[in-house]
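Single-letter residue listing:
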Amino acid sequence: MSTSDAPRLVDAIVDLRQALDAVALPLATPSAAPAALERRRLLDQLDDHLLPRLRDPDAATLVVVGGSTGAGKSTLLNSLLGEDVSTPGVLRPTTRSPVLVHHPDDADDVDPARVLPGLARVREHEAGATPGGPGQVAPPADPHDGSDERPGARDGQDGLAVEAQTRTPPRGARRDPDAGAAARGRVLRTVASTRMPRGLALVDAPDVDSVEEANRDLAAQLLRAADAWLFVTTAARYADAVPWELLGEAQRRRTHLALVLDRVDVGTERAVADDLARMLADRGLAGTPVLVVREVTLEDGLLPEPDVAPVADWLTDLALDPAERARAVEATRDGAVLDVAARSQEVARAADDQREAADRLRAAVTAAYAAARTRVAEQTSDGTMLRGEVLARWQDVVGTGEWFRRLEEGVSKARDRVVGAMTGRRAADPGLAQAVGHGVTALVVDAAEDAAARAHADWHHDPAGTALLGGLALSRASADLRARAEEQVRAWQGDVLELVRGEGSGRRATARALSFGVNGLGAALMVAVFASTGGLTGAEVGIVGGTALLAQRLLEAVFGDEAVRRLTRTAHERLDARVAALLDAEAARFGAVLEPLAASVVDGGPLRSRAVLVESAARAAATAAGVAAPKDPAGPADERAGAGTTGLAGSPRPTRAGRDVAAGPGLRGAGASRRPRGSAGDGASHGRHAAEDAEPAGGLRGWWARVRRGGRA
Amino acid sequence: MSGTAARGGPAVRGGPAERVAALADAVRLAAGRVDAGVEARAADVVARAGERLALSGEYTVVALAGATGSGKSSLMNALVGAEVARPGVMRPTTGRPLAVVLPPPSQTADGTPRGGDGSGPGELLDWLDVSDRHVVAGAGAAVAPARRRRRRAPDPVADAGRPPELPTGAVLLDLPDHDSVVAEHRAVAERLYARADLLVWVVDPQKYADAALHVRYLRPLAGHAAVLVLALNQVDRLSPREVQAVVADVRRVAAHDGLRDVPVLPVSAATGEGVAALRAHLAEAARRRQAATARVLADVRAAGGALRDACGAAPAPGAPERGVPALVDALEAAAGVPLVVDATRRSTLHQARAVTGWPVTRWVGRLRADPLRRLGLGRPAALDRLRGSSRRPDAPAVATDEQAARRSSLPRPATTAGALVSIAVRDYLDAATTGAPDAWTLAARSAVDRAALPDALDQAVVASAPAGERDPRWWRAVGVAQWALLSVAAVGGLWLGVLAALAYLRLPEPVTPTWGEVPWPTVLALGGLALGVLLALVARVLAGVGARRRAARVRRRLRSGVRDVAERLVVRPATEELTAWSACRAAAERAAA
């Protein structure tokens, strides 16, 4: 059953990855920056660890050696391999580009397609070697050309196979990873060593607390890609906050983990190790092996064999004991799956925040300009336009102002005079048209200015909006608005004349319309439009009401009630539409800033549901594995593989179990601490307080141990 | 000698006190107008600097800062030559700060604070909030726990054990770490990092490149090189060549943090190597007694610089005056000033005609309303009645007791004109705030209350209304002359009538005197009429001239009224903001200089 579970989980995770990839966080919401980081990390983790691991459960176990700057990671790695693969030094930060060490037979397992695909690879090769095809093995060569440190350590028999690859960057970057990293981003050096047990790859990560931010990020990324962590800290550093944040993450994800307590002064081992064990227990990491390495004088830049023995044992067990390996890989993987699912929810929430922010910003603009439109519509219809200049010019149209006042009592009497004024084909007054144009333009511009200020203020108070504004340009209407508004108002006046002309061409109305003149009727219609809702108050009715009433009566006399209502409505609608077009263009300025970013914003829903699917798939798989587990013989891995019931995604290949130390010389010090005690299976306790009396044996540098023992004797 | 005086009292120009005052000004003026973080940090500096300057200047507060495990406590012991701090192998070790007081040479041997300026180490330590205190008395005395000790008294140090060159007039602080999992340590350490006068950053070969140290602490201290020392501890773990390399690298990293000139001293608390040099460095700093002032100055300078940068470029002089004429023009138009001026002219003509016109046709003019009265700016009707005017009492003038409460019936500037006012104000603000940072521009914009403008403009028009002017005296004279001429004409007419009646009744015609050939009645009747019309015409021309003059006067009055409104409601609020901006920038500049 788990055979079907595994693909299901893989599919669910592939879906999750797609959803995660689709999430864009372009708006500066408070949650965006952390979520973008989280998204990047999740994608890295999926690509670097989970997908390769789920697709190929048998690939080499990736153990990342991580830790603080100056903790001695590189020295430890070199001491384990008995070879100088990573450059230690007194200057911080030391390891600037990570090194991946693997057994030559595992070259395929650490192929970029399967492990850490996000990192460019550099395989070290001799200067002058022609870059060959992928997988081509160049003759063994000294990788340390140009390096003046520890010439004695160049030891061909340690089997450092140095390869060339098509991806090999220009030679200048080879021994200067800094330049390479700066030019290309992140680079991973790979080194094949027969010292490594098969099925195990070690990565020397940069410092987790380096002053170089890129180093920190890369270290965290590598740790997230690991099947197991070998976390190196020191007696001076073990209480640092930064590493403990990462250890907290490991705890949350149930990553398989061992701590190396490095550089412990002789005599303080127990006190410090106990204190560290207490801290681990306090943070839910009780039972994590603490491997103590003393601060001793280096020999040829390497730690003495007995001192690295606990670490070597832990690693060798992980590589060679199938049960241990499966336990580690699965625990890490299962924890990571659930962790990814849980953290995806946070990204989904941030995606929702993005959507909300985009909607909120859009709504602020829409509301501001809708209010502007409403305001213009009201002001052009409630009669208030008919004050001041427009009124004066209208009075010019219908006769003298002085007379006009007296016409309030008898409109019919006035009409005669108006008719007199109109029939004289008196040019209907550029004055009125100008006054109307002037007034409406001012209203539109003012409304647009207010809307811009309001939308700007709303955005300004929104973190996502502030980031988009970039100055005060958007707080004002666009500079050419006045010109465009004038143009539109003139066009509307043309509309009004057109309407009057069109209405006047009707049979009955024609004659009368002609007698009044299109221009005069147009002016009357504009006046009627401006008072169409009749929202006049008190004393104004005297003047304005009279004005409007006159225009109304005049139009009714010419066209009839029904037509006048229709004309008024149509004319107002036309004005409204033109104003709306102007304001829409203004609002579009905000859209032009927002939409390119907001267009890519997606809902967090799909991501959320896929995360839930992943979680349920993972739990189903875990349940299946749990049901199967009791039936699972703890013994031969072949059987377990045949049963196909371990863990979420199958089990290790049988061939893995067959590997043994004989494939190579093995890690330096492997078995050294155990041999005297004769307990090979005690995984939890081995290595604690690397006994000074441990008997070093085996390994290529066993002579040293013999010398030491001899000396002590 | 008082420490405050030694460091320059408030009177000293460019002295720390003045700079702190300048920074305080800048903070006050910048409130809410600059980035909140910059403002808060500057306010912090003002408070802290003021407190530190008020406290004893006889003591230099030297803090041993650094990460856990770098050997701060060991170094403290090595410096003092006694086991005052307790280093440990378990991390983190030191949880509470520890002070070692090294009194000035003049002070009493038992470390009792002298009277002096009344602020001995006690107050200083209270301000630092350090309760673990040890006093190392002058030569010949021993390390003694202070009265407020919390720890067991350390073993007294023998005379010979007291290292020479120990700084005098200093408080050495052993601080907790800033980078361990124990968050309280960090809080305590950071508080004291801010308050110490001289910071000795204890780094070690393992940790000197930690991000926590550089990003969080050293980079913000760029510009503080004078009050920083980097002590590279644990050099006994390195070979001499490595020591040189690491020291060079520490310098490189520090230079990258903006601390090019900071001294880097290799020391080893374990072997005592370099401790004497560090001690001498501290002793020199304590002897000069400048560290406290230097620290305050560095803080104030940094905060002032940040504030100045937040204030943007220096304002152009006279910016607020730019655009005022255009603003007044626009407000005039919106307030209907041209309308009122025109109405004034026509109203004057109207009134002149009513008084000086030919009495026979004068009534025609009365049929029209006074243009000013129609705007609600005419004389109150009651006043007119008092003067015996016969104008219609029901004219739509609003007469209330208070001039200020009067409103004109000018077209309300609520829509078109209101929009024009808004546009004019915006244009003015744009011109005035050119170059100002966004926050100040927005502040200036919101300082102007556009909604109050229409009413204020209306009030200004009413207040400078033309109605108050007295009519010219010649009007009345012409009026009298008109009636006299009309009377003459009437007499002539009557005479002619009598003559006509006599003729009609065929009565004997009395002798009619003649003026030359023309009989007097005819002369009187026609002459009276003709002269009356002529006088009316002449008066009208003259009244036209007077009306234009009056209109011009009214125009000037209205313009100044509108200008006042513009000044009061637009220019002044905006200028206040802009002045605050330039004052803030200048104060920050003074603090940073």
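Attention here is on the structure that accompanies the text. Keep in mind it's a predicted model, so treat the numbers as computed, not measured. Just so you know, the residues in each chain are numbered from 1, in the order the chain's sequence is written. Written order determines the labels here, with chains lettered from A and ligands numbered from 1. Local features in this predicted model are restricted to residues of pLDDT 70 or higher, and side-chain atom pairs are both shown and tallied only at a pLDDT of 80 or more, whereas totals for entire chains, interfaces and linings draw on every residue. Side-chain numbers here rest on the full set of heavy atoms in the structure, without hydrogens or water.

Quick look at the overall build of chain A
A run of H or I in DSSP counts as a helix once it spans at least four residues, and a run of E counts as a strand once it spans at least two, with each numbered from the N terminus. When its secondary structure is counted, chain A shows 23 helices and nine strands. Three labels apply to residues, based on accessible area from a 1.4 Å probe with only protein chains included: buried if under 20% of the type maximum, exposed if over 50%, partly exposed otherwise in between. Burial status across chain A gives 56% buried among its 713 residues. Restricting the contact set of chain A to residue pairs at least 6 apart, pairs at least 24 apart contribute 82%. Each accessible area value is a Shrake-Rupley result obtained with a 1.4 Å probe; residue values ignore everything except the protein chains displayed when judging cover. If you sum the accessible surface of chain A, you get close to 27400 Å²; carbon and sulfur atoms cover 54% of it. Contacts are assigned to residue pairs that have any heavy atoms within 4.5 Å of one another.

What to know about the side chain of Arg53 of chain A
Residue and element names in this part refer to chain A. Its place among the elements puts Arg53 in helix H2 (residues 32–55). Since its relative accessible area comes to 4%, Arg53 is described here as buried. Beyond its immediate chain neighbours, meaning those up to four positions away, Arg53 contacts Asp58, Ala59, Ala60, Thr61, Leu62, Asp227, Arg325, Val329 and Arg333.

Digging into helix H18 (residues 453–463) of chain B
Listed in full, the buried residues belonging to H18 of chain B are Leu453, Ala456, Leu457, Asp458, Ala460, Val461 and Val462 of chain B. Contact partners of the buried residues in H18 of chain B: helix H11 (324–335), helix H12 (337–356), helix H16 (416–432) and helix H20 (520–592) of chain B.

So, the interface of chain A and chain B
Interfaces are frequently sized by the accessible area removed from exposure as the parts join. Each partner contributes residues to the interface: chain A has 53 residues there, and chain B has 47 residues. Where chain A abuts chain B, roughly 4200 Å² becomes buried across the two surfaces, and 55% of that area is made up of carbon and sulfur atoms. Salt bridges are defined by distance alone: a side-chain nitrogen of Lys or Arg within 4 Å of a carboxyl oxygen of Asp or Glu. Summed over the shared surface of chain A and chain B, the result is nine salt bridges. With a shortest N-O distance of 3.4 Å, Arg476 of chain A and Asp427 of chain B are connected by a salt bridge. For the purposes of these results, a polar contact is taken to be a pair of N or O atoms within 3.5 Å, where, inside protein, one atom must be able to donate a hydrogen and its partner to accept one; residues adjacent in sequence count only when each atom of the pair is a side-chain atom. At the surface where chain A touches chain B, the tally comes to 12 residue pairs in polar contact (both at pLDDT 80 or more). Elements that contribute at least two residues to the side of chain A that touches chain B include exactly helix H6 (241–253), helix H7 (269–282), helix H11 (401–406) and helix H13 (430–460) of chain A. If you tally residues by element for the side of chain A that touches chain B, the top one is H13 of chain A, at 10 residues. When residues are grouped by polarity, Ala, Val, Leu, Ile, Met, Phe, Trp, Tyr, Cys and Pro land in nonpolar, Asp, Glu, Lys and Arg in charged, and all others, Gly among them, in polar. For the side of chain A that touches chain B, the per-class residue count stands at 18 nonpolar, 15 polar and 20 charged. A 1.4 Å probe defines the accessible area here, and the buried area is the portion of it lost by two parts on being joined, summed over both.

A word on the packing of aromatic side chains
Note on aromatic contacts: the rings of Phe and Tyr and the six-membered ring of Trp form a pair at centre separations within 6.5 Å, being stacked when their planes are under 30 degrees apart, edge-to-face when over 60 apart, and tilted otherwise. According to the stated counting rule, one finds eight aromatic pairs over all chains in the structure shown. Note on Trp474 of chain B and Trp475 of chain B: the rings are 6.4 Å apart at their centroids and 85 degrees apart in plane angle, and the pair reads as edge-to-face. Using a relative accessible area of 2% as the deciding quantity, one classes Trp475 of chain B as buried. An aromatic cluster of three or more residues is present, and its members are Tyr369, Trp459 and Phe590 of chain A. Above the plane of the ring of Trp244 of chain A lies Arg283 of chain A, whose end atom (NZ or CZ) is 4.9 Å from the centre. Should the NZ of a Lys or the CZ of an Arg lie within 6 Å of a ring centre and within 35 degrees of the ring normal, that charge is described as sitting over the ring.

Considerations on unusual backbone geometry
You will see that Arg254 of chain A, though not glycine, has its phi angle at about 55 degrees, which is positive. Along the chain, the position of Arg254 of chain A falls in the loop between H6 and strand S8 (256–264). A positive phi angle is found at Gln234 of chain B, which is not glycine, with a value near 60 degrees. Relative to the elements of secondary structure, Gln234 of chain B occurs in the loop between strand S7 (228–232) and helix H8 (240–256).

Concerning the pattern of salt bridges
What the rule picks out here adds up to 64 salt bridges over all chains. Across the pair Asp227 of chain A and Arg53 of chain A runs a salt bridge, and its minimum N-O distance is 2.3 Å. Linking Asp227 of chain A in the loop between helix H5 (213–224) and strand S7 (228–234) with Arg53 of chain A in helix H2, this pair joins segments that are 174 residues apart in sequence. In terms of burial, Asp227 of chain A and Arg53 of chain A fall into one category: buried. When the shortest N-O distance is used, the salt bridge between Arg295 of chain B and Asp299 of chain B registers 3.2 Å. Highlighted residues: Arg295 of chain B and Asp299 of chain B, both in helix H10 (residues 291–310), separated by four residues, approximately one helical turn. Taking relative accessible area as the criterion, Arg295 of chain B reaches 6% and is therefore assigned buried. Of the residues examined, Asp299 of chain B reaches a relative accessible area of 10% and is grouped as buried.

Digging into the pairing of strand S3 (residues 132–136) of chain B
Residues and elements named next belong to chain B. With five of five residues buried, S3 lies mostly within the body of the structure. Residues Asp132, His134 and Val136 of S3 are buried on one face, and the alternating residues Arg133 and Val135, pointing to the opposite face, are buried as well. Any two strands with at least two DSSP bridges between them are considered paired. Bridge analysis of strand S2 (residues 98–102) against S3 gives four bridges, and the strand direction is parallel. Residue pairing across strands places Leu98 opposite Asp132, the latter belonging to S3.

Section: the nonpolar core
Of all hydrophobic cores here, the largest spans 71 residues; its most connected members are Tyr369, Trp459, Trp492, Phe530 and Phe559 of chain A. Looking at this core, the element that brings in the most residues is H13 of chain A, giving 14 residues. Put simply, a nonpolar core is a bunch of buried Ala, Val, Leu, Ile, Met, Phe, Trp, Tyr and Cys residues held in one set by side-chain atoms that sit within 4.5 Å of each other. Among the nonpolar cores identified, the runner-up in size contains 61 residues, and Ala303, Val425, Leu578 and Ala591 of chain B belong to it.

Remarks on the side chain of Ser475 of chain A
Secondary-structure assignment places Ser475 of chain A in the loop between helix H14 (463–469) and helix H15 (481–504). Accessibility expressed as a relative area gives 3% for Ser475 of chain A, which makes it buried. Within the structure, Ser475 of chain A has its side chain in polar contact with the backbone oxygen of Leu472 of chain A (distance 2.7 Å). In contact with Ser475 of chain A, other than residues within four places in its own chain, are Glu449, Ala452, Ala453 and His456 of chain A together with Arg445 of chain B.

Description of a nonpolar patch on the surface
Residues and elements named next belong to chain B. Nonpolar side chains collect at one region of the surface, where Trp474, Leu531, Leu534, Val538 and Leu542 lie side by side and expose about 440 Å² of accessible area between them. In terms of residues, the nonpolar patch owes the most to one element, H20, which gives four residues. Topologically, Leu542 is positioned in helix H20. Of the residues examined, Leu542 reaches a relative accessible area of 46% and is grouped as partly exposed. Patch rule: a residue counts if its relative accessible area is over 30% and it has no salt bridge; like charges are joined within 9 Å, and nonpolar side chains (Val, Leu, Ile, Met, Phe, Trp, Tyr) within 5 Å.

What about the packing of H5 of chain A against H6 of chain A?
Residue and element names in this part refer to chain A. It is at 11 Å that the axes of H5 and H6 come closest, and there the two elements cross at 20 degrees. Considering the angle they form, H5 stands roughly parallel to H6. Every pair of crossing elements has a handedness; the one defined by H5 and H6 is right-handed. Of the residues in H6, those in contact with Ala220, Leu223 and Arg224 of H5 are Leu246, Glu249 and Arg253. Classifying every residue of the contact of H5 with H6 gives three nonpolar, no polar and three charged. Inter-axis angles, ranging from 0 to 180 degrees, are taken between N-to-C directions of lines fitted to C-alpha atoms, where helices are fitted over the stretch in contact. For classification purposes, angles smaller than 35 degrees are called roughly parallel, those larger than 145 roughly antiparallel, those between 65 and 115 roughly perpendicular, and all remaining angles oblique. Each helix crossing is assigned a hand: it is left-handed if the near helix lies turned anticlockwise from the far helix by less than a right angle, otherwise right-handed if that turn is clockwise.

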